[in-house]
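Report on the structure
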Amino acid sequence: MEFSVIGITDAPHPYFPPDVLGIIRSGKLFSGGRRHRDIVAPLLPPGAVWTDITVPLDDVFKQYGVLCSTHGAHHIVVFASGDPLFFGFANTIRKKLPEAAVRLFPSFNSLQALAHRMVLPYHDMKVVSLTGRPWKEFDRALIEREAKIGVLTDHEHTPAAIAARMMEYGYTGYRMTIGEHLGHPTEERVRSMTLEEASAGTSAHPNCLILTAVSALPPRRYGIPDHEFSLLDGRERMITKMPIRLLSLQAMDLYPKETMWDIGSCTGSISVEARLQFPHLDITAFEIRPEGERLMYDNSRRFGAPGISIFIGDFFQADISKLPRPDAVFIGGHGGRLKGMMEKVLTVLQPGGCFVLNSVTQQSRQLFDDTCSQLGLRQLPPLHIGINDYNPIEILKATR
């Protein structure tokens, strides 16, 4: 199977060079979005067969196979937005049909076009796609204090929703420029505004946006003082102390990890600190106390740490089968049921994944040792540490 993937803009009468026009005129099988079909319909040859690109994409590729067999053809002409390699359909073809031959005829992608309208150099711009994707990479760009962020949107992740999320987590030092229907001679519109204005407005689709920092971005914290957190009933002892917190994160070796669980999150201090230092992670926190939801809400927003998932209730009743599988687990509380908790985690823990637990008493240290022995886990040498007037703590670690 062969593909010619042609990038177009929203211009209703697109210009194509002679070689591309020749491919279109000699084609039989065509594909693209419905919007693309409306634009190129006058250029298609008589008898052209069109396949809309819609989800699920597996069905689209099955249809390609059926059409090639039915029509005795092996070449499909695909129309895509902008640059087909820029979060585009050419990447999907390479993933679904790695042996297929692909020829590309790109146009400017939408963020390039918007940067051109703004006369804005974009070689240093962080690009994030929210088109059919979660917030994760956008949140990461904010946490990493990117000064220039280009964002591809969709009907859910609208400019208004993006602006509202940024303000909710304290990332207010940006200005938003929105490009709508870029390339269309009468419907194109480019507007620059504050986040407050963007959050209260509406935008025509399709659109994209560029965020530019206009004031000093809030500092990225490292080692948040304990007293700055919202605490459980104001009890300072109900938080993992800052030096212990940082050493516990170090023990989990989080740079190469993908997913961390914080079981018994309480104030959320471990999750918040991990989110700020390792924004590439998926982080899920579990807390049995209903107050934990408010504490995580308050603290994640206070320190600009979006993207932490929290589950309130008994961990032993939680359905963990559909969650991202962890490769690092911090146990902040187990209610005396450590073995059962670790056994449950082991049903989903990634190969090479680790547990880290802070022990204050010899009894809890012995419980951890016995549990690791019974479950066949490999223990690493513990780290002994004392802080001020608090009891000495051991940071315990075991790996699968």
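Here is a short report on the structure shown in this document. (Residues numbered from 1 in each chain as written. Predicted model: local features only at pLDDT ≥ 70, side-chain atom pairs only at ≥ 80, totals over all residues. Heavy atoms only, no water.)

Describing the overall build of the protein chain
Scanning the protein chain from terminus to terminus reveals 13 helices and 17 strands. Overall, the protein chain is about 80 × 50 × 35 Å in size when its C-alpha atoms are taken along their principal axes. Across the 400 residues of the protein chain, 50% fall into the buried class. Only carbon and sulfur atoms are counted for the fraction: they give 52% of the accessible area of the protein chain, which is about 19,000 Å². If the 42 positive side-chain charges of the protein chain are averaged to one point and the 43 negative ones to another, these points end up 2 Å apart. (Helix = DSSP H or I, 4+ residues; strand = E, 2+ residues; numbered from the N terminus. Buried < 20%, exposed > 50% of the residue type's maximum accessible area, 1.4 Å probe, protein only. Areas by Shrake-Rupley, 256 points an atom, 1.4 Å probe, with all protein chains shown as cover. Lys, Arg positive; Asp, Glu negative; His and termini not counted. Charge placed at Lys NZ, Arg CZ, Asp CG, Glu CD.)

A look at the nonpolar core
A general tendency of soluble globular proteins is for nonpolar side chains to be buried together. One finds Phe138 and Leu211 to be the most contacted residues of the largest nonpolar core, which totals 52 residues. Not counting residues within four places of it along the chain, the set of residues in contact with phenylalanine 138 comprises Val128, Leu130, Val151, Ile162, Met166 and Leu211. With 22 residues, the next largest nonpolar core counts Val329, Val345, Val348 and Leu377 among its residues. (Core = buried A, V, L, I, M, F, W, Y, C linked by side-chain atoms within 4.5 Å. Contact = heavy atoms within 4.5 Å.)

What about the pairing of strand S7 (residues 148–152)?
With five of five residues buried, S7 lies mostly within the body of the structure. The side-chain alternation of S7 yields two buried faces, one formed by Lys148, Gly150 and Leu152 and the other by Ile149 and Val151. Sheet topology places strand S6 (residues 126–129) next to S7; four bridges connect them, and they run parallel. Across the sheet, lysine 126 pairs through a bridge with isoleucine 149, a residue of S7. (Pairing = 2+ DSSP bridges.)

Quick notes on the side chain of aspartate 154
Examined against the element boundaries, aspartate 154 turns out to sit in the loop between S7 and helix H7 (159–168). Of the side chains with opposite charge, arginine 133 lies nearest to the buried aspartate 154, which makes no salt bridge, at 8.2 Å. Within the local environment of aspartate 154, its side chain forms a polar contact with the backbone nitrogen of glycine 132, the two atoms lying 2.8 Å apart. A distance of 2.6 Å separates a polar side-chain atom of aspartate 154 from the backbone nitrogen of histidine 157. In this structure, aspartate 154 is in contact with Leu130, Thr131, Gly132 and His205, ignoring residues within four places of it in sequence. (Salt bridge = Lys/Arg side-chain N within 4 Å of Asp/Glu carboxyl O. Polar contact = N/O pair within 3.5 Å; in protein donor to acceptor, adjacent residues only side chain to side chain.)

Some remarks on the packing of aromatic side chains
Scanning the model with the defined rule gives 15 aromatic pairs in all. Here phenylalanine 16 and phenylalanine 79 contribute two aromatic rings whose centre-to-centre distance is 6.4 Å and whose plane-to-plane angle is 50 degrees, an arrangement assigned as tilted. Here phenylalanine 79 lies in strand S4 (residues 75–81) and phenylalanine 16 lies in the loop between strand S1 (2–8) and helix H1 (18–25), a separation of 63 residues in the sequence. Of the residues examined, phenylalanine 16 reaches a relative accessible area of 6% and is grouped as buried. Between tryptophan 135 and phenylalanine 138, the ring centres sit 5.9 Å apart and the planes meet at 55 degrees, which makes this aromatic pair tilted. Judged by its relative accessible area of 0%, phenylalanine 138 is buried. Through a chain of ring-to-ring contacts, the aromatic side chains of Trp261, Phe286, Phe311, Phe315 and Phe316 assemble into a single cluster. Taking NZ or CZ as reference, lysine 344 lies 5.1 Å from the ring centre of phenylalanine 315, over its face. (Phe/Tyr/Trp six-rings, centres within 6.5 Å; stacked < 30°, edge-to-face > 60°. Lys NZ or Arg CZ within 6 Å of the ring centre and 35° of its normal.)

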